[in-house]
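Chain and residue survey
So the chains spell out like this:
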Amino acid sequence: MRTIFTAALLIAALPASAETLIVGNKGEDTVSFIDLATGKEHARVASGANPHEVALSPDGARAAVVNYGGAAIDVYGVADGKRLATWDIGPNSRPHGLIWLADGRLLATAEASKTLVVIDGTDGRVLQSIPTEAEGSHMVAVHPTRPRAYTANMKSGNASVIDLGSGRTVAHLPAGREAEGIAITPDGKQVWISSRASNEIHVYDTATDTLVRRIETGPFPIRIAISPDGKHAVTSELQAGALGVYSVETGKRVRSIPVSGKAEAMQVTILFRPDGKRLFVAETGTNTVAEVEWPSGKVLRRLPVGEDGDGLGWSPVG
C-alpha cells in the first residue's frame, strides 16, 4: 500500500504564491488559511470544538481538521476556506492525530474510545474502528510502503503497532513517560517516538519491532518530525522554546535551534515543507507560527494566527 503523497513534486509545477498553511486554532474554534506568499490569512473560518491536527487530501485541495472536543472531523476547501462537510465519526470520540492516505482514506486517533479510526475520504463513512489497546492514543504515523500504522499513547507510555490489513494491534513498543510525538523515516526503516515527561526518544526497527536506541533530549519533546531527506529528526522542545536536531544515522544530538527560546511561547506542532527548505513551528502561547529556514535554522518570519494555533497542514494549492 502506497501511503506517501509526494507533494514536493507539485511545487515545481505551481507558482510560488500557490501555497497555503492551514492552522487549527484550538483556543477559539477556528481554522486559519494563510497565503504563504504574503504571510497573511486569506480566511479564518469556524470549526467544531477544539480543532487540532490537520491533514490534506492527496491533491491538496481539501483540508481535514479534527474536533478534539467532540467526535467529528471538519473538511474545508483550501482555495476559499469554506467548510464543505462535517463528518460524524461517533462513537469514536476525541479525535486528535490525523493522516490522509494516498488511497483516499483518512486515519484518525480517537483518544476517548482508544481506537484508530479508518474513514472514507469521499463521504466520511467510518470503515473501521481498530482498538489501540492503550490509553491516550494521541498522534499517528504510517509506514510509507507497508500497511502499518503507529499511534503514540500518552497515558500508556508506548506506541501501538497496528496492521491495517487485518485491522488489529499487533504489538506495543515501550517508549517512556507520556509518549506523544511519533514519526517514521522516509525509507520506512525506523519509527521515532518522543516522550515529553521523560525527555527521551525511543527508536525502533519497523521490520522487527526491536529497540535500536534510546536518546536523551531537551526539555519536553512534545512533537517529533523527520526531515524529508531522512537525515535528521527534529523535536519540538516546548520548555526550551527550541528545536532539538538529531542525526538519524547515529542518534546523536547535532544542535539546538532556538526559535523563541522561551517556554511561554508554548511551542508545539512542527511541520516540514515537503521540499525540506522550511520548517513551520506553532507557538500557541503567542498565537503565531514561526517559519524557519532549513537547514540554517534562521527564523524568517512569524505568521499571525488565531488563539492557540497548533495543528498545521501545508498545501500546494493557493
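Note that the structure is a prediction, hence the values are computed from the model and not measured. (Residues numbered from 1 in each chain as written. Predicted model: local features only at pLDDT ≥ 70, side-chain atom pairs only at ≥ 80, totals over all residues. Heavy atoms only, no water.)

1. Quick look at the nonpolar core
The condition that has to hold: Only buried Ala, Val, Leu, Ile, Met, Phe, Trp, Tyr and Cys residues count toward a nonpolar core, and they belong to the same one when joined by side-chain atoms within 4.5 Å. Each residue is assigned to one of three classes by its accessible area relative to the maximum for its type, calculated with a 1.4 Å probe on protein chains only: buried under 20%, partly exposed between the two thresholds, exposed over 50%. By the criteria applied, helices consist of DSSP H or I runs no shorter than four residues and strands consist of E runs no shorter than two, each listed in order from the N terminus.
Residues Y150, L173, I182, V191 and I193 are the most contacted members of the largest nonpolar core, which totals 15 residues. Taken together, the elements giving at least two residues each to this core come down to β12 (137-142), β13 (148-153), β14 (158-163), β15 (168-174), β16 (179-184) and β17 (190-195). Sort the elements by how many residues they give to this core and β16 lands first, with three residues. Within the second largest apolar cluster, 14 residues are counted, among which are V66, I73, I89 and W100.

2. Some words on the confidence of the model for the protein
Interpretation of this model should avoid reading the predicted coordinates in detail wherever pLDDT is low. Inclusion rule: pLDDT is a per-residue confidence score from the predictor, ranging from 0 to 100. Contacts were defined at the residue level, with two residues in contact if any of their heavy atoms lie within 4.5 Å.
When pLDDT is averaged across the protein, the result is 95; 95% of the residues are at 70 or more. Overall, residues 1-16 carries pLDDT values under 50, and its contacts beyond four positions in sequence, including any with other chains, amount to 30 contacts.

3. With respect to the side chain of Q190
The condition that has to hold: In the analysis that follows, any N or O atom pair within 3.5 Å is treated as a polar contact, provided that within protein one partner can donate a hydrogen and the other can accept it, and provided that, for residues neighboring in sequence, both atoms belong to side chains.
Along the polypeptide, Q190 turns up in strand β17. Judged by its relative accessible area of 15%, Q190 is buried. For Q190, the side chain forms a polar contact with the side chain of W192, separated by 3.0 Å. Discounting chain neighbours no more than four positions away, the residues touching Q190 are A183, I184, T185, V203, Y204, T206, V212, R213 and V248.

4. A closer look at the pattern of salt bridges
The test is simple: We define a salt bridge as a contact between a side-chain nitrogen of Lys or Arg and a carboxyl oxygen of Asp or Glu at a distance within 4 Å.
Summed over all chains, the structure comprises 20 salt bridges. The partner of R273 in a salt bridge is E19, with the nearest N and O atoms 2.3 Å apart. Here the residue R273 occupies a position in the loop between β24 (267-272) and β25 (278-283), and E19 occupies one in the loop between α1 (8-11) and β1 (20-25), the gap between them amounting to 254 residues. Between D120 and R125 there is a salt bridge, and its shortest N-O distance comes to 2.8 Å. Taken together, the shared-partner salt bridges connect E53, E178, E180, R196 and R223 into one network.

5. Description of the pairing of β15
For a regular strand, the rule is simple: side chains alternate between the two faces of the sheet. Threshold: At least two DSSP bridges between two strands are required for those strands to pair.
Two strands pair when backbone bridges link them, and β14 and β15 are joined in this way by six bridges, in the antiparallel orientation. Paired with D163 across the bridge in β15 is R168.

6. Notes on the side chain of S236
By secondary structure assignment, the location of S236 is in strand β21 (residues 232-237). A polar atom in the side chain of S236 sits 3.1 Å from the side chain of Q267.

7. Some points on the sheet that holds β24
Rule in force here: Working convention: axes come from line fits to C-alpha atoms, limited for helices to the stretch in contact. Angles between N-to-C directions cover 0 to 180 degrees.
Here we have four strands laid out as an open sheet, ordered β24-β25-β26-β27, and antiparallel in their pairing. The open sheet is flanked by β24 and β27 (299-304), the only strands paired with a single partner. Pairs of neighbouring strands in the sheet enclose a mean axial angle of 20 degrees, with direction left out of account. In this sheet, β25 lies alongside β24 in antiparallel orientation, the contact comprising four bridges. Within the sheet, the bridge partner assigned to I270 lies in β25 and is V281.

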